Amino acid sequence: MSNYDIFSSDVLVVGAGLAGERAAVAAAEKGLNVIILSLVPPRRSHSTAAQGGMQASLGNSAKGLGDSPDVHFVDTVKGSDWGCEQDVARIFVENAPIAVRQMSYWGVPWNRVVAGKKILHDGTEIEDSPEKEGLITARDFGGTAKWRTCYTSDGTGHTLQFVMDSIVIKLGITVHDRTEAISIIHDGDRCYGVVARCLRTGKLRVYTAKSTVIATGGYGRLYGASTNAIINEGSGMFIAQETGVVPLGNMEAVQFHPTGIVPSWILVTEGARGDGGYLRDKNLHRFMPDYEPVKKELASRDVVSRRMMQHIRKGYGVESPYGEHLWLDIRHLGEKHINTNLREIANICRNFAGIDPVHDLIPVRPTQHYSMGGIRTNAQGMAYGLEGLFAIGEAACWDLHGFNRLGGNSLAETVVAGMVIGEEIAKYTKDASYNVSTKLLDEFVGQQEDRIDALISNRNGSENVYEIRREMEKTLSTYVGIFRNGKDLQTAVNKLDELYQRSLKVGIRSGGKGADPELASALRIKGMVRLAYCIAAGALNRTESRGSHFREDYPKRDDANWLKRTLAYWPVGASKPELKYEPVKITELPPGDRGYGEASAQASAGKA
Amino acid sequence: MSNRLLTFNIFRYDPNTPEIEPKMQKFQVEEEERMTLFIVLNKIREEQDPTLKFDFVCRAAICGSCAMLVNGKPTLACKTLTKDLPNETTLMPLPAFKLLGDLSVDTGTWFREMSIKTEAWVHTDKVFDPKAEEERMSNDQALAIYEAERCIECGCCIAGCATVNIRPDFLGAAGINRVARFMLDPRDERTEQEYFEVVGSDDGVFGCVGLMACDDNCPIGIPLQGQLSYVRRKMAVAGWRR
């Protein structure tokens, strides 16, 4: 019989980023006992790295006047290319202003309205009203009709996460950091908690709870070249999918951020373009107005990323040892603005590229950034397939973002979903009863012990985890990128099929003692390849272009056949994913033209 | 350009296996353009020794995970470019924190305890009203709070602090900066006397001997000595009034 420590709580939250902590706070405020598990100390979470801001239609700034949840709703649905759930988008836009104000009440130092006239970078004059002085202000972000992105200089994620964590500490919520959930305990109908591995000692533990919440963020690291933190490996998604009964929604919807810095792929926030930065090509020509005369650099991310790659393909990219890139130019914003409002950008340029953006151009290229897909949940945040399992934030496909997320809507989603779904979780948990047998716990721990034993003894083979990983990264980056086509996607699927078989034969060289890091990677690799497989297979099947998913061989959105969401299951024992589909919920806004991007360009060219 | 062959002497010890003595281990890596210690350490782990423990999360100087002693100086490994290093470099874990193994230390627990000790959250009797407009604040005030809020809790200031070595309960520059952040915040309704209880001692602001290493070592340039004098002034006055 296994020997392990058991921890029990009402609510177990896996992941201590903004979404996880906000949900934990909601549950704790209702008097529930909560435990949070985190790979790292909570303040190191990837949420902290978000620079740009959080969308909420406060309408305080001069360029935000007249904003409302309705306008935010339309922007979000258009941004999603009609791929989102409209009932979810409605819940979200109505609650975003409350969430921003509550974060202010808790201590976030949001930038405030300063009354008076200002000249924008393009020469327009605006005037902030004295009546609004001191209220929370907003900046411009891509794909939004109004200035709606609330921010604290360029450390928005940092300030949100630190303040949220201060509330977690204040409420005395238990956090077990350096702990990794490696399996979900369930009986095929209900979730009972997780088996976790202590990353200090390597020991296995069991956490049981009435409600289990997956808030582990996205899977950027599947791509290698990603703006994501290195802990973003999709672990919550693959342990949920591994149950065989929980599907992942829209895994092929992968967002590329237009401005990853070359070659470290660290993100240069959209705030740089929102504040008036230009994109230039090898001739220093500002090319975005040629493609997108209205929104220019501020069309939505999928559109800007594609226009950049299109321009590079036409031969206007700047050659470099790391491949072709373009330039981001913020020099005209001036030293003062750059060193205060865009200070993090300035620091990143200096520290990681050795350049000074006050005087130099910044080398940038579209880089994997966000996963719209994730654990498919209903509007109350409960995962399809398992009672008592919830998912929120980037790990979830709630589905607010559809096929393309607007900048500033991810931070907003973490806090809003944490707040709204946190309430739902509390409600559910209060009424829930559960009875878990020791036999079931032993069985799940036993499976993990056996896996670890197999890896350490090289029982199944001696494939190198790092090699498989690099090949997986390369496969996705090369064949499942910004421009996709049937032939390349088929190549990716074949390659990932092979890599999946190899991932079952991993063995380790390190001996696997204690909190061995190679063992940690080896425990993840199979799940990561599964996620990669779902992305490629979903993309191959979807013979249309929608949002970030752009098929060169099917360049148009096809609402007749594809106004539906992919659900990727991985049945227990199967060697490939099983794809099913469900309709997208349209409640208010029927599919139409986004007003920017290729479809609109074709439409207006047709008119002319 | 012919690439340098860089030598790294790395501290090795796992507290889970105390029977194996601590040692320094030598690794060699060929230098590449724009190489950082993030790249070096991952290369070593993936190609030479898979047991090597170290911490990175954001790899972009935002999260504070990867602080270590690079040739004796506490700094962030992610933003240390090899071009600024000599041919031979020594890497040691940050002192003052509990060692978890090799270059990995437990800064998380230290900072959490510090937050609990200083009650580092906004104290207010006001109740949040979801229907009300937010309370106003001047933008300058918001920016001043953000200046102090920028601390990423990497621990470099603590590791380089002489007082920490004498007084293990010393809050250190990061702790005092955290207090300053809440003192500056009009939403926090604590009185100076209440703050005095937290930091008006030798484990707080009066323990600092002013060697300035915290200021020198802060990888993101927070004026820590300035924050210390701000809190000290306020506490001196508060102490006077007691």
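As a reminder, the structure under discussion sits directly above these lines.
Presented here is a report on the structure given in the accompanying data block. (Residues numbered from 1 in each chain as written. Chains lettered and ligands numbered in written order. Predicted model: local features only at pLDDT ≥ 70, side-chain atom pairs only at ≥ 80, totals over all residues. Heavy atoms only, no water.)

## Looking at the overall build of chain B
Next up, step 1: Of the regular secondary structure elements, chain B holds nine helices and seven strands.
Next up, step 2: Oriented by its inertia axes, the alpha-carbon framework of chain B measures out at about 60 × 40 × 30 Å.
Next up, step 3: Considering only contacts within chain B whose residues lie at least 6 apart along the sequence, 65% involve residues at least 24 apart.
Next up, step 4: Only carbon and sulfur atoms are counted for the fraction: they give 52% of the accessible area of chain B, which is about 10600 Å².
Next up, step 5: Placing the 29 positive and 37 negative side-chain charges of chain B at their respective mean positions leaves the two points 2 Å apart. (Helix = DSSP H or I, 4+ residues; strand = E, 2+ residues; numbered from the N terminus. Contact = heavy atoms within 4.5 Å. Areas by Shrake-Rupley, 256 points an atom, 1.4 Å probe, with all protein chains shown as cover. Lys, Arg positive; Asp, Glu negative; His and termini not counted. Charge placed at Lys NZ, Arg CZ, Asp CG, Glu CD.)

## Re the sheet that holds strand E2 (residues 23-30) of chain B
All names here are of chain B.
Next up, step 1: Spatial ordering of the open sheet is given by E2-E1-E5-E3-E4, a layout of five strands whose pairing is mixed. Each edge of the open sheet is held by one strand with a lone partner, namely E2 and strand E4 (73-76). Within the sheet, the average angular offset between the axes of one strand and its neighbour, ignoring direction, is 35°.
Next up, step 2: Pairing analysis gives four bridges linking strand E3 (residues 67-70) to E4, with the strands arranged antiparallel. Bridged to Met 68 within E4 is Thr 75.
Next up, step 3: Packed on one face of the sheet, helix H1 (residues 37-48) meets strand E1 (5-12), E2, E3 and strand E5 (88-92) and runs near 100° to E2. (Pairing = 2+ DSSP bridges. Axes fitted to C-alpha atoms, helices over the stretch in contact; angles between N-to-C directions.)

## A word on the interface of chain B and chain A
Interfaces are often described in size by the accessible area the parts lose on coming together.
Next up, step 1: Counting from both sides, the interface comprises 66 residues of chain B and, opposite them, 75 residues of chain A.
Next up, step 2: Taken together, the two surfaces of chain B and chain A that pack against each other cover about 5700 Å², and 53% of this comes from carbon and sulfur.
Next up, step 3: In this structure, the connection of chain B to chain A is made through seven salt bridges.
Next up, step 4: Residue Asp 106 of chain B is joined to Arg 200 of chain A by a salt bridge in which the shortest nitrogen-to-oxygen separation is 2.9 Å.
Next up, step 5: Our count for the chain B to chain A interface comes out at 34 residue pairs in polar contact (both at pLDDT 80 or more).
Next up, step 6: Elements supplying a minimum of two residues to the side of chain B that touches chain A: H1, strand E7 (104-105), helix H2 (107-117), helix H3 (139-149) and helix H6 (172-183) of chain B.
Next up, step 7: Here the side of chain B that touches chain A takes seven residues from H3 of chain B, the largest share from any one element.
Next up, step 8: In terms of residue class, the side of chain B that touches chain A is made up of 30 nonpolar, 13 polar and 23 charged. (Buried area = accessible area lost by both parts, 1.4 Å probe. Salt bridge = Lys/Arg side-chain N within 4 Å of Asp/Glu carboxyl O. Polar contact = N/O pair within 3.5 Å; in protein donor to acceptor, adjacent residues only side chain to side chain. Nonpolar A, V, L, I, M, F, W, Y, C, P; charged D, E, K, R; others polar.)

## Points about the environment of Phe 73 of chain A
All names here are of chain A.
Next up, step 1: When you line up the elements, Phe 73 lands in helix H2 (residues 69-79).
Next up, step 2: Given a relative accessible area of 2%, Phe 73 falls into the buried group.
Next up, step 3: Taking C-alpha positions, Phe 73 is 30 Å from Leu 540, a pair spaced 467 residues apart along the chain.
Next up, step 4: Discounting residues that sit within four places of it in the chain, Phe 73 has contacts with Gln 86, Ala 89, Arg 90, Val 93, Glu 588 and Leu 589. (Buried < 20%, exposed > 50% of the residue type's maximum accessible area, 1.4 Å probe, protein only.)

## Some details on the packing of H2 of chain B against H6 of chain B
Residue and element names in this part refer to chain B.
Next up, step 1: As a packed pair, H2 and H6 sit with axes 10 Å apart at the nearest point and diverge in direction by 40°. Considered as vectors, H2 and H6 are oriented oblique to each other. Considering how the two elements wind past one another, H2 and H6 form a crossing that is right-handed. Contacts between H2 and H6 involve Phe 111, Met 114 and Ser 115 from the first element and Ala 174, Gly 175 and Arg 178 from the second.
Next up, step 2: Residues of the contact of H2 with H6, tallied by class, amount to three nonpolar, two polar and one charged. (Parallel < 35°, antiparallel > 145°, perpendicular 65-115°, else oblique. Left-handed = near helix turned anticlockwise from the far one by under 90°.)

## Some points on the packing of aromatic side chains
Aromatic ring pairs are reported here in terms of the distance separating the ring centres and the angle at which the planes meet.
All names here are of chain A.
Next up, step 1: Summed over all chains, the structure comprises 15 aromatic pairs over all chains.
Next up, step 2: Seen in terms of ring centroids, Phe 390 and Tyr 428 are 5.6 Å apart; in terms of plane orientation they differ by 70°. Their pairing is edge-to-face. One end of the pair, Phe 390, is in strand E17 (residues 389-391); the other, Tyr 428, is in helix H11 (residues 409-431), with 38 residues separating them in the sequence.
Next up, step 3: We classify Phe 390 as buried; its relative accessible area is 2%.
Next up, step 4: Since its relative accessible area comes to 17%, Tyr 428 is described here as buried.
Next up, step 5: Three or more aromatic residues link up through ring pairs in this structure, and these residues are Tyr 500, Tyr 533 and Trp 570. (Phe/Tyr/Trp six-rings, centres within 6.5 Å; stacked < 30°, edge-to-face > 60°.)

## Comments concerning the environment of Val 445 of chain A
Next up, step 1: Assignment of secondary structure puts Val 445 of chain A in helix H12 (residues 438-456).
Next up, step 2: Classification of Val 445 of chain A as buried rests on a relative accessible area of 0%.

## Section: the nonpolar core
Next up, step 1: Core analysis: the largest hydrophobic core is formed by 184 residues, its most contacted members being Ile 362 of chain A together with Val 231 of chain B.
Next up, step 2: Here this core takes 14 residues from helix H15 (residues 517-541) of chain A, the largest share from any one element.
Next up, step 3: Not counting the four nearest positions on each side in its chain, Val 231 of chain B is found in contact with Ile 176, Val 179, Ala 180, Met 183, Val 199 and Val 205 of chain B.
Next up, step 4: Counting 60 residues, the second largest nonpolar core, distinct from the first, contains Ile 36, Val 88, Ile 136 and Val 163 of chain A. (Core = buried A, V, L, I, M, F, W, Y, C linked by side-chain atoms within 4.5 Å.)

## Side note on the pattern of salt bridges
A side chain of one charge can pair with a side chain of the opposite charge when the charged atoms of the two come close.
Next up, step 1: Under the criterion given, the structure shown has 79 salt bridges over all chains.
Next up, step 2: Residues Arg 502 of chain A and Glu 498 of chain A are paired through a salt bridge, measuring 3.7 Å at the closest nitrogen-oxygen approach. With a gap of four residues between them, Arg 502 of chain A and Glu 498 of chain A both fall in helix H14 (residues 486-503), about one helical turn apart.
Next up, step 3: The residue Arg 4 of chain B makes a salt bridge to Glu 31 of chain B at a minimum N-O spacing of 2.7 Å. Of the two residues, Arg 4 of chain B sits in the segment before E1 while Glu 31 of chain B sits in the loop between E2 and H1, which places them 27 residues apart along the sequence.

## Here we look at H6 of chain B
Residue and element names in this part refer to chain B.
Next up, step 1: Helix length check: H6 (12 residues) gives 17 Å between terminal C-alpha atoms against 16 Å at 1.5 Å per residue, within 8%.
Next up, step 2: By the criterion of burial, H6 is predominantly enclosed, with 12 of the 12 residues buried.
Next up, step 3: If you check which residues of H6 are buried, you get Gly 172, Ala 173, Ala 174, Gly 175, Ile 176, Asn 177, Arg 178, Val 179, Ala 180, Arg 181, Phe 182 and Met 183. (Expected span 1.5 Å × (residues − 1).)

## Topic: the state of the cysteines
Next up, step 1: Across all of its chains, the model carries zero disulfides over all chains by this definition.
Next up, step 2: With no disulfide of its own, Cys 198 of chain A lies closest to Cys 63 of chain B among cysteine sulfurs, the gap being 19 Å.
Next up, step 3: Judged by its relative accessible area of 4%, Cys 198 of chain A falls in the buried class.
Next up, step 4: Free cysteine: Cys 218 of chain B, not disulfide-bonded; nearest cysteine sulfur from Cys 154 of chain B at 6.4 Å. (Disulfide = S-S within 2.5 Å.)

## Side note on H15 of chain A
Residue and element names in this part refer to chain A.
Next up, step 1: Helix length check: H15, at 25 residues, gives a terminal C-alpha distance of 36 Å against a target of 36 Å (1.5 Å per residue), a fit within 8%.
Next up, step 2: At Ile 525, H15 shows its strongest bend, of approximately 35°.
Next up, step 3: Counted residue by residue, H15 has 23 buried out of 25 residues, so it is predominantly covered. (Bend = angle between axes of the 7 residues up to and from the residue.)

## Remarks on the layout of surface pockets
Next up, step 1: Estimates place the volume of the second largest pocket at around 920 Å³.
Next up, step 2: Forming the walls of the second largest pocket are 32 residues, and the residues nearest its centre are Lys 118, Tyr 151, Asp 275, His 337 and Asn 341 of chain A.
Next up, step 3: Broken down by secondary-structure element, the contributors of at least two residues to the lining of the second largest pocket are strand E4 (116-119), strand E5 (125-128) and helix H9 (335-340) of chain A together with H3 of chain B.
Next up, step 4: Considering each element in turn, the lining of the second largest pocket owes the most residues, four residues, to H3 of chain B.
Next up, step 5: Looking at side-chain class alone, the lining of the second largest pocket contains 12 nonpolar, 10 polar and 10 charged residues. (1 Å grid on protein atoms, 1.4 Å probe; cavity = no way out; pocket = protein on both sides within 12 Å on 5 of 7 lines; lining within 4 Å. Points joined across faces, edges and corners; volume = space filled by probe spheres on them.)

## A closer look at the sheet that holds strand E15 (residues 362-371) of chain A
Where strands meet in a sheet, backbone hydrogen bonds hold them as pairs that are either parallel or antiparallel.
Residue and element names in this part refer to chain A.
Next up, step 1: Here we have four strands laid out as an open sheet, ordered E12-E15-E14-E13, and antiparallel in their pairing. Two strands bound the open sheet, and with one partner strand each, they are strand E12 (254-261) and strand E13 (278-280). Averaged over all pairs of adjacent strands, the angle between strand axes in this sheet comes to 45°, irrespective of strand direction.
Next up, step 2: Those strands touched by helix H8 (residues 301-316) are E12, E13, strand E14 (326-329) and E15, and its axis lies near 60° from that of E12.

## Regarding the pairing of strand E10 (residues 204-214) of chain A
All names here are of chain A.
Next up, step 1: Across the 11 residues of E10, 10 count as buried, placing the element largely inside the fold.
Next up, step 2: Sheet analysis places strand E9 (residues 191-198) next to E10, joined by five bridges and oriented antiparallel. Bridge pairing in E10 links Gly 193 to Thr 208.
Next up, step 3: Joining the antiparallel neighbours E9 and E10 is a turn of five residues, in which Gly 202 adopts a positive phi near 85°.
Next up, step 4: Strand direction decides the pairing type here: E10 and E17, joined by three bridges, are parallel. Within E17, the residue paired with Val 213 across the bridge is Phe 390.

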